[in-house]
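What follows is the residue order along each chain.
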Amino acid sequence: MFFSWYKKFSSQPHQPFFTSGILFFILFMSLFVASYSNILILDSSVLTYHAYSMIFVIFIQFFLGFLFVVFPRFLVQADIETKVYMNLFLLYFFASLGVFLTLIFYSKATFIFQILMLIAQIMSFKLLYLIHQKSLIKVKEDTKWVLIAFFSGLISHGLFIISNLDFSFSYLISKFAINGGFYLFIFMIIFTISQRMIPFFTTSKAPDYKINKSENLLTLVFVFLALKVVLLSFDNAKLNLIADIPLFIIITKELIRWKLPFFKVPAIMWVLFLGLYWIPVAFFISIIEGLMAFYDPSIVFEKAVIHTLALGYFITVLVGFGTRVILGHSGSTPHANNFAIFVFIAIQIITLFRIFTSFSLNFGLNYMALLDITAILLIFGLLLWSSKYIVILLKGK
């Protein structure tokens, strides 16, 4: 019976990786709540048990599940063998579990599982790179940028592990690694997939829609994201304007150019559009933060920008793509019923609430309580979505 289930569960790459991603998302968010509520006392910093886990443990598993499905199709290659991606999945799962448990019981051993996670990511990069290299198609721009982003992630991950050593610049290196991992790794991978797949999906739901993308979009975005990562190292909001203003202009102009038919497509599509629109909102907030630093540096923006992107963009797109892929690859027509629409809207509300929480520090409100509420709402949202869609994954096809 187990072998029959395992065969179905492992039959498609997204099934194990999405399942693992959502499981550890809920576990690490619960760990965050437990720590900030003083239920659990952790030796590690928030950079490790929250930022590191989100970037290098959780989000990458979701989007690898998607990449292992679409990468060979982008490049007209054979599907990845089940044994290959399942070996990677088991390594990711073991490393994720190890990071989670050692953070709770013995944080000095966490680096061992971080190294295992890095090894899993190096192996994943090598697999995707070989598929890219083997392909004979002429246009491989999107897969090239996925690989560039992934390689940036390997460097950032390596730097973060090195920062575990206690030396003069370890904290600065850990922050640089987290910023590099967030913008050049996760953001760039998700944005590269988004700009490829969302316009393509739109053509199937709105036949009159014409894809109209800028030729050098990914190059410009990556260059200014790299500049932003460097500027963030100076911890000066004024300097961030040098990268934020161009990024806001480039992405806003691009989304206007795309002319996404928001009111002509079903919910399974407009939720992805919503996710994209959070990008210029985030960079606009960052611009306001930079300008306010000239006027009154005491005004606190906390982590409003990062969480606007992480909740508004990453999770919205994750749930939108996830719902579509899960239904489509299980033999059902990709659609969003009232249940899915409720979850989509809930994520937008949670995003707004997290932005409000960031600014609450300026009004003497109970920031810690608001932070806990936001995290608990997100956990409930993930559990709610999982109750319908992860069940489909667990059954397998």
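Residues numbered from 1 in each chain as written. Predicted model: local features only at pLDDT ≥ 70, side-chain atom pairs only at ≥ 80, totals over all residues. Heavy atoms only, no water.

**Student:** Break down the pattern of salt bridges for me, citing the residues and quoting the values.
**Tutor:** Side chains that carry opposite charge are capable of pairing whenever their charged atoms lie near each other. As enumerated under the stated definition, the model contains 4 salt bridges in all. For Glu 141, the salt bridge identified is with Lys 144, shortest N-O distance 3.2 Å. With Glu 141 and Lys 144 both in helix 6 (residues 141-162), this residue pair falls 3 residues apart, about one helical turn. In this structure, Glu 302 engages Arg 354 in a salt bridge whose closest nitrogen and oxygen atoms are separated by 3.0 Å. Residue Glu 302 is found in the loop between helix 10 (267-295) and helix 11 (304-328), and its partner Arg 354 is found in helix 12 (residues 338-359); the two are separated by 52 residues along the sequence. (Salt bridge = Lys/Arg side-chain N within 4 Å of Asp/Glu carboxyl O. Helix = DSSP H or I, 4+ residues; strand = E, 2+ residues; numbered from the N terminus.)

**Student:** So what's going on with the layout of surface pockets? Which residues, and what values?
**Tutor:** What the largest pocket holds in volume is close to 1,200 Å³. Together, 46 residues line the largest pocket, and Asn 179, Glu 302, Lys 303, Ile 306 and His 307 are the ones closest to its centre. When contributions to the lining of the largest pocket are tallied by element, the ones reaching two or more residues are helix 2 (14-36), helix 3 (46-74), helix 7 (170-205), helix 8 (217-232), helix 9 (237-258), helix 10, helix 11 and helix 13 (367-395). In terms of residue count, the dominant contributor to the lining of the largest pocket is helix 3 (7 residues). The residue inventory of the lining of the largest pocket, partitioned by class, reads 31 nonpolar, 7 polar and 8 charged. (1 Å grid on protein atoms, 1.4 Å probe; cavity = no way out; pocket = protein on both sides within 12 Å on 5 of 7 lines; lining within 4 Å. Points joined across faces, edges and corners; volume = space filled by probe spheres on them. Nonpolar A, V, L, I, M, F, W, Y, C, P; charged D, E, K, R; others polar.)

**Student:** Explain the packing of helix 12 against helix 13 to me, using residue names and the numbers behind them.
**Tutor:** Contact geometry for helix 12 and helix 13: axes closest at 10 Å, N-to-C directions at 165°. Taken as axis vectors, helix 12 and helix 13 run roughly antiparallel relative to one another. Two packed elements cross with a definite hand, and for helix 12 against helix 13 that hand is left-handed. Each residue belonging to the contact of helix 12 with helix 13 can be placed in one class, and the counts come to 16 nonpolar, 4 polar and 2 charged. (Axes fitted to C-alpha atoms, helices over the stretch in contact; angles between N-to-C directions. Parallel < 35°, antiparallel > 145°, perpendicular 65-115°, else oblique. Left-handed = near helix turned anticlockwise from the far one by under 90°.)

**Student:** For empty space enclosed by the protein, give the residues involved together with the corresponding values.
**Tutor:** Empty pockets left among the atoms are what a rolling probe the size of a water molecule brings to light. For the structure on display, the rule yields 2 cavities of 30 Å³ or more. When its volume is computed, the largest cavity comes out at roughly 50 Å³. Looking at the lining of the largest cavity residue by residue, the class counts come to 6 nonpolar, 1 polar and no charged. The volume enclosed by the second largest cavity comes to roughly 40 Å³. If you trace the second largest cavity, you find it lined by Ile 315, Val 319, Val 343, Ile 347, Ile 350, Leu 378, Gly 381, Leu 382 and Trp 385. Listed by contribution, the elements that provide at least two residues to the lining of the second largest cavity are helix 11, helix 12 and helix 13. Looking at the lining of the second largest cavity element by element, the count peaks at 4 residues for helix 13. Taken together, the residues that form the lining of the second largest cavity break down as 8 nonpolar, 1 polar and no charged.

**Student:** Can you tell me about the packing of aromatic side chains, naming the residues and giving the values?
**Tutor:** Taken as a whole and assessed by the stated rule, the structure comprises 45 aromatic pairs. Both rings, one in Tyr 52 and one in Phe 160, keep their centres 5.0 Å apart while their planes meet at 25°; by these two values the pair is stacked. Taken together, the residues Tyr 52 in helix 3 and Phe 160 in helix 6 connect sequence positions 108 residues apart. On the accessibility criterion, Tyr 52 (0% relative accessible area) is buried. For Phe 160, a relative accessible area of 2% gives the class buried. Summarising the aromatic geometry, the rings of Phe 187 and Phe 283 are spaced 6.3 Å apart at their centres and angled 80° between planes, so their arrangement reads as edge-to-face. Highlighted residues: Phe 187 in helix 7 and Phe 283 in helix 10, separated in sequence by 96 residues. (Phe/Tyr/Trp six-rings, centres within 6.5 Å; stacked < 30°, edge-to-face > 60°. Buried < 20%, exposed > 50% of the residue type's maximum accessible area, 1.4 Å probe, protein only.)

**Student:** Which residues make up the nonpolar core, and what values do they have?
**Tutor:** Counting residues in each nonpolar core, the largest one holds 140 residues, and the members touching the most others are Phe 25, Phe 28, Phe 150, Phe 187, Val 221 and Tyr 313. Setting aside anything within four residues of it in sequence, one finds Tyr 313 in contact with Phe 187, Ile 190, Phe 191, Ser 194, Gly 275, Leu 276, Trp 278, Ile 279 and Thr 308. (Core = buried A, V, L, I, M, F, W, Y, C linked by side-chain atoms within 4.5 Å. Contact = heavy atoms within 4.5 Å.)

**Student:** Kindly report on helix 3, identifying the contributing residues and their values.
**Tutor:** Considering bend angle alone, the principal kink of helix 3 is centred on Ser 53 and spans about 55°. The buried count for helix 3 comes to 27 of 29 residues, which makes it a mostly enclosed element. Looking at the residues trailing helix 3, positive phi occurs at Val 76, about 50°. (Bend = angle between axes of the 7 residues up to and from the residue.)

**Student:** Describe a nonpolar patch on the surface, naming the residues involved and giving the relevant values.
**Tutor:** Together, Phe 111, Ile 112, Ile 115, Ile 119 and Met 123 make up a nonpolar patch on the protein surface, roughly 410 Å² of accessible area in all. By the element assignment, Ile 115 lies in helix 5 (residues 110-134). Accessibility expressed as a relative area gives 35% for Ile 115, which makes it partly exposed. (Patch = residues over 30% accessible without salt bridge, like charges linked within 9 Å, V, L, I, M, F, W, Y side chains within 5 Å. Areas by Shrake-Rupley, 256 points an atom, 1.4 Å probe, with all protein chains shown as cover.)

**Student:** Which residues make up unusual backbone geometry, and what values do they have?
**Tutor:** Most of the time, phi is negative for any residue but glycine, and the peptide bond is trans. The backbone of Val 76 sits at a positive phi, close to 50°, despite the residue not being glycine. Relative accessible area serves as the criterion here: at 61%, Val 76 is assigned to the exposed category. Despite not being glycine, Asp 235 shows a phi value in the positive range, around 55°. With respect to the helices, strands and loops of the structure, Asp 235 is situated in the loop between helix 8 and helix 9. A residue is classified by how much of its surface remains accessible, and Asp 235, at 63% relative accessible area, is exposed.

Don't take any of this as a statement about function, it's just geometry.
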